[in-house]
Structure formats: C-alpha cells, structure tokens
Amino acid sequence: MDNYTPVIGLEIHVELKTKSKMFCRCKNDPFFAGKPNIYTCPVCLGLPGALPVPNRKAVEWTILLGLALGCTINENSKFDRKHYFYPDLPKGYQISQYDQPLAIEGSLGRIRIRRVHLEEDTGKLIHSIIDGKAVTLVDFNRSGVPLVEIVTEPDIMSGEEAKIFLKNLQQIVRYLGISDADMEKGSMRLEPNISVRAISSQQSAASQKLPDYKVEVKNINSFNFVKRAIEYEVARHVEVLKQGKTPAQETRGWNETKGITVAQRTKEEAADYRYFPEPDIPPMKWGKSQITNLKSQIGELPDEKKTRFMKGYELNEYDASIITETKEKAEYFEEAAKVNGQVTPKTIANWMINRNIDINEVLPVQLIERIIKAKQVTAVSDDELEKVIMQVISENQKA
C-alpha cells in the first residue's frame, strides 16, 4: 500500500418516517405492515394515468438535513425521472433529483458533502420457494416511501474513516427526528464507491487526479460491513493495479458470510438513466425566509450538545460522548441533573454509563435520585436497593 492510496466516496440512502409516502397518501409503514401490498394505490403501483403529488413534510425534512450538514439550499429545485427497468420499479422510472437537488456543497467534519436530494424508494423483492420452485415476489408496501440520498465527495481515505463518518451522520439524522435510520430494517442503506490511485513519487496524493474507474458496493446494512467491504476492495484493486491492469468499473455486492464482494453488473453512467424533468410535478422555489424558518427548527446537534455538556456539566470527552449518543439519553441526563440538585452531574453520568440504561425502557428520573442518594448514604445490599426501586415504581405507576 506504500505506493497506493484509497479514494472513497459514499452514497447513503435514508428512509424518512413521514406518515404518508412521497407522492401519494398511502401509509408509510413498510416494516410493520400486516401483509404484503396493503399500503398501495395507483400512484405507488405506477398505474397509467396516476399523478404524483409531493409530500411537503418530506421536502422540508430533506432541507433540514441539508442545513444540518452545512449545505447551501437551492432556491430553485425540481424532480426528475431516472429510467431503469427492474421488477421492484413498476413505472420503469424512479422520481428522483438530478441537476437541481434540494441541497449542495456541505460537509461533516473534513468530509465534503456533494449533494442531499430526495427521491422515492422502490418495492422490495422477496426470494422464496413455492411448490418446490424458486420464485421472486414483489412487495410494494415500500414503493414510494420518501428516500433521502446523501452523496459525499471522494474524500475518505480508509474503511475506518468511512465507519466514523457514517456513525456521525446516523446520529445527526436521529437527532433531527426525521428517520430511525435503522440498518437492520433497511431504513439506512450504505453504498461505498471505491477506487485506488497509484501515487507518483513526483506528486503528493492530494494533487493527483482521480482514478478513471470506480467500484460501487451496493446496499450494505452495517458500519462494520462497510469497513470490511472497503478494506477487501482496496486490497483487490491494488493486486489488479500491480498487474498493470485497471479494475473493472462495476457494481458489486457484499457477501457477509464469506467476507468478500461479488460482481453484480457493469456500473451505469448518468447518461444510461436518461434523466429528464418530471413533467407531472412543477419546479419548487424556496424563499430565504422559508429556509431561515426551517433552520430555526434544527435545534442543538450532537457536537454542540457534547461541547456544552463538557463545559456546563464538567464531563470529560468520553462521558459526554456516551451521554449525547442519542437525543433521548441526553435529555434524560439533563432532567436528572436538574432533579438531583445535591448529586453531581458526573455521578449521574457515571451511573447512567455503568448501568447502561436503556432509555426506551427507562424508569422515572426520581428513581435515579433515590438510588444515588441511597448509595451515597451507605453501602446498601441488593435486597435493600430492590425495595427502593419497587417503592419508586409503585409511586410512579403512570410513568
């Protein structure tokens, strides 16, 4: 690797948790639908004559994310048709954004964000065996769900750096409350674009042009798998380059069982999609006052909250990072710090971290106060501590 450097960009798809889909009024709840194809209509099934109407909330949430990532919001934006043919795309095209996305030119840390745009998700293919035959079924409950795509510049230098970036992005998305960004369910999907550049002895890596190829690894659902896929691909590319060849420009999939990538198809270029403006949806125009109003709704983001906790509550960087890991955990900590005036924030933080509190199943804040005070007064036994806990629970049945 001494004579080569990775060149890595990321494409991240995040499903928004609006109540309805992107271009129709069908329920947006593909993960908890009772059965396939119940949240469908002529629009998300792509039936002839159906007309799409954009979901305003999805558009505003995309702008919120763009602003949180330091992007410039395009005052003039539009939707486009992206053509390709696949069984989970009933219209034969996807409504997306091409040359006028909602947000452009932001950054997260040192990684530049090229664009943040909005589109519709596809249906879901289900591979099954019916009557002894291998078949592929299509569930359109997910078809038309609002999907934000975040595209970075090729600034990432390693699998570990990609993993750190993606964790930070997921945290911001969750702080904004626009998506659960749950990779196991598929509401956050990760696609690294990878190439490797040979370093000339006369030039620094930063001054050299990008490689004339790239490989995209599709639909990865784990930060660790992204890291491993990048490391595998970088090593594979170096071996090809050492032979005096150029790696094929293609789309590959990640085989988590074998820990390798596998070729899927030749990678498309933008021209292959035959983009043109969506004729059924008028262009969008945003005033500066509207953008300012949306920006005021963002609130305190993770890095800002972490810095404030370190200064205001005298937490070290590690504790502040853990406490601000989720917005719910941070809010719970602050509420506990206010209730427990005689107990230091550091003690509360230690208790929350060491006991690994699950905020989704959290007990009332008063419980922290009682337990901490009991522990400070004397070394209590587990039986005595249980009595305190049960008493507080009985006194706070509603909570």
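Before reading further, recall that the structure is shown in the block above.
Quick caveat, the model's predicted, so the values are computed rather than measured.

Caption draft 1: The overall build of the protein, seen in detail. Regarding its fold elements, the protein presents 10 helices and 16 strands. Across the 399 residues of the protein, 48% fall into the buried class. Relative to all contacts within the protein whose residues are 6 or more apart in sequence, the contacts with residues 24 or more apart total 69%. Total accessible area on the protein stands at roughly 21000 Å², and carbon and sulfur atoms take up 50% of it.

Caption draft 2: How the structure looks around the nonpolar core. With 70 residues, the main nonpolar core has I12, L65, L69 and I150 as its most contacted residues. Take this core: its biggest share by element is 8 residues, from helix α1 (residues 56-68). Setting aside its immediate chain neighbours within four residues, I150 contacts L10, E11, I12, V14, L65, L69, I113, R115, V116 and L169. With 17 residues, the next largest nonpolar core counts A320, F333, A337 and I348 among its residues.

Caption draft 3: Here's a closer look at the environment of T344. You can see T344 is positioned in the loop between α7 (327-339) and α8 (345-354). Expressed as a C-alpha distance, the spacing of T344 and Y313, which sit 31 residues apart in the sequence, is 8.4 Å.

Caption draft 4: Structural context of the sheet that holds strand β14 (residues 260-266). Read across the open sheet, the 9 strands follow the order β2-β6-β7-β10-β1-β11-β12-β13-β14; overall the sheet is mixed. Each edge of the sheet is formed by a strand with only one pairing partner; in this case those strands are β2 (72-73) and β14. Lying over the sheet, α1 contacts β2, β6 (103-108), β7 (111-120) and β10 (146-152), oriented at roughly 175 degrees with respect to β7. Running over the sheet, helix α2 (residues 159-176) touches β1 (4-15), β6, β7, β10 and β11 (188-198) and is turned about 20 degrees from β1.

Caption draft 5: Examining the pattern of salt bridges more closely. Taken as a whole and assessed by the stated rule, the structure comprises 28 salt bridges. Between E60 and R56 there is a salt bridge whose closest N-O contact spans 3.0 Å. Of this pair, E60 and R56 are both found in helix α1, 4 residues apart, which corresponds to roughly one turn of the helix. Assessed through its relative accessible area of 53%, R56 is described here as exposed. Notably, a salt bridge pairs R142 with D121, separated by 3.6 Å at the nearest N-O pair.

Caption draft 6: How the structure looks around the packing of aromatic side chains. In the structure shown here, the tally under the stated rule is 8 aromatic pairs. Ring centres of Y98 and Y275 lie 4.1 Å apart, and the angle between their planes is 5 degrees; this geometry places the pair in the stacked category. A residue pair is termed long-range when its members are at least 10 positions apart, and Y98 in the loop between β5 (93-96) and β6 and Y275 in the loop between β14 and β15 (276-277) qualify at 177 residues. Given a relative accessible area of 36%, Y98 falls into the partly exposed group.

Caption draft 7: Region of interest: the side chain of K78. When you line up the elements, K78 lands in the loop between β3 (76-77) and β4 (80-83). Separated by 2.7 Å, the side chains of K78 and D99 make a polar contact. Those residues in contact with K78 that sit more than four places away from it in its chain are S96, Q97, D99, Q100, P277, P283 and M284.

Caption draft 8: Molecular detail of a negative patch on the surface. Where like charges cluster on the molecular surface, the negative patch consists of D382, D383, E384 and E386. Tracing the backbone through its elements, the reader meets D383 in helix α10 (residues 382-395). A residue is classified by how much of its surface remains accessible, and D383, at 55% relative accessible area, is exposed.

Caption draft 9: Here's a closer look at a nonpolar patch on the surface. On the surface, I126, I130 and L137 cluster together to form a nonpolar patch covering roughly 220 Å² of accessible area. If you trace the backbone, I126 turns up in strand β8 (residues 124-130).

Caption draft 10: Layout of the packing of helix α5 (residues 302-312) against α7. As a packed pair, α5 and α7 sit with axes 12 Å apart at the nearest point and diverge in direction by 25 degrees. Classified by the interaxial angle, the pair formed by α5 and α7 is roughly parallel. The handedness of the crossing between α5 and α7 is left-handed. Of α7, the residues touching α5 (which contributes K305, R308 and F309) are A330, F333 and E334. Looking at the contact of α5 with α7, its residues break down into 3 nonpolar, no polar and 3 charged.

Caption draft 11: Region of the structure containing the side chain of R252. The topology assignment puts R252 in strand β13 (residues 250-255). Classification of R252 as buried rests on a relative accessible area of 9%. Contacts of R252, omitting those with residues within four sequence positions, involve V215, E216, V217, K218, E233, R236, T261, V262, A263 and Q264.

Caption draft 12: Broad picture of the sheet that holds β5. Pairing in this open sheet of 3 strands is antiparallel, and the strands run β5-β4-β15 from one edge to the other. With partners counted over all chains shown, the strands left at the sheet margins are β5 and β15, one partner each. Two elements, β4 and β15, share 2 bridges in a ladder whose sense is antiparallel. Considered in β15, the bridge of D80 is made with P277.

Definitions and cut-offs
Residues numbered from 1 in each chain as written. Predicted model: local features only at pLDDT ≥ 70, side-chain atom pairs only at ≥ 80, totals over all residues. Heavy atoms only, no water. Helix = DSSP H or I, 4+ residues; strand = E, 2+ residues; numbered from the N terminus. Buried < 20%, exposed > 50% of the residue type's maximum accessible area, 1.4 Å probe, protein only. Contact = heavy atoms within 4.5 Å. Areas by Shrake-Rupley, 256 points an atom, 1.4 Å probe, with all protein chains shown as cover. Core = buried A, V, L, I, M, F, W, Y, C linked by side-chain atoms within 4.5 Å. Pairing = 2+ DSSP bridges. Axes fitted to C-alpha atoms, helices over the stretch in contact; angles between N-to-C directions. Salt bridge = Lys/Arg side-chain N within 4 Å of Asp/Glu carboxyl O. Phe/Tyr/Trp six-rings, centres within 6.5 Å; stacked < 30°, edge-to-face > 60°. Polar contact = N/O pair within 3.5 Å; in protein donor to acceptor, adjacent residues only side chain to side chain. Patch = residues over 30% accessible without salt bridge, like charges linked within 9 Å, V, L, I, M, F, W, Y side chains within 5 Å. Lys, Arg positive; Asp, Glu negative; His and termini not counted. Charge placed at Lys NZ, Arg CZ, Asp CG, Glu CD. Parallel < 35°, antiparallel > 145°, perpendicular 65-115°, else oblique. Left-handed = near helix turned anticlockwise from the far one by under 90°. Nonpolar A, V, L, I, M, F, W, Y, C, P; charged D, E, K, R; others polar.

What is shown is where atoms sit, not what they do.
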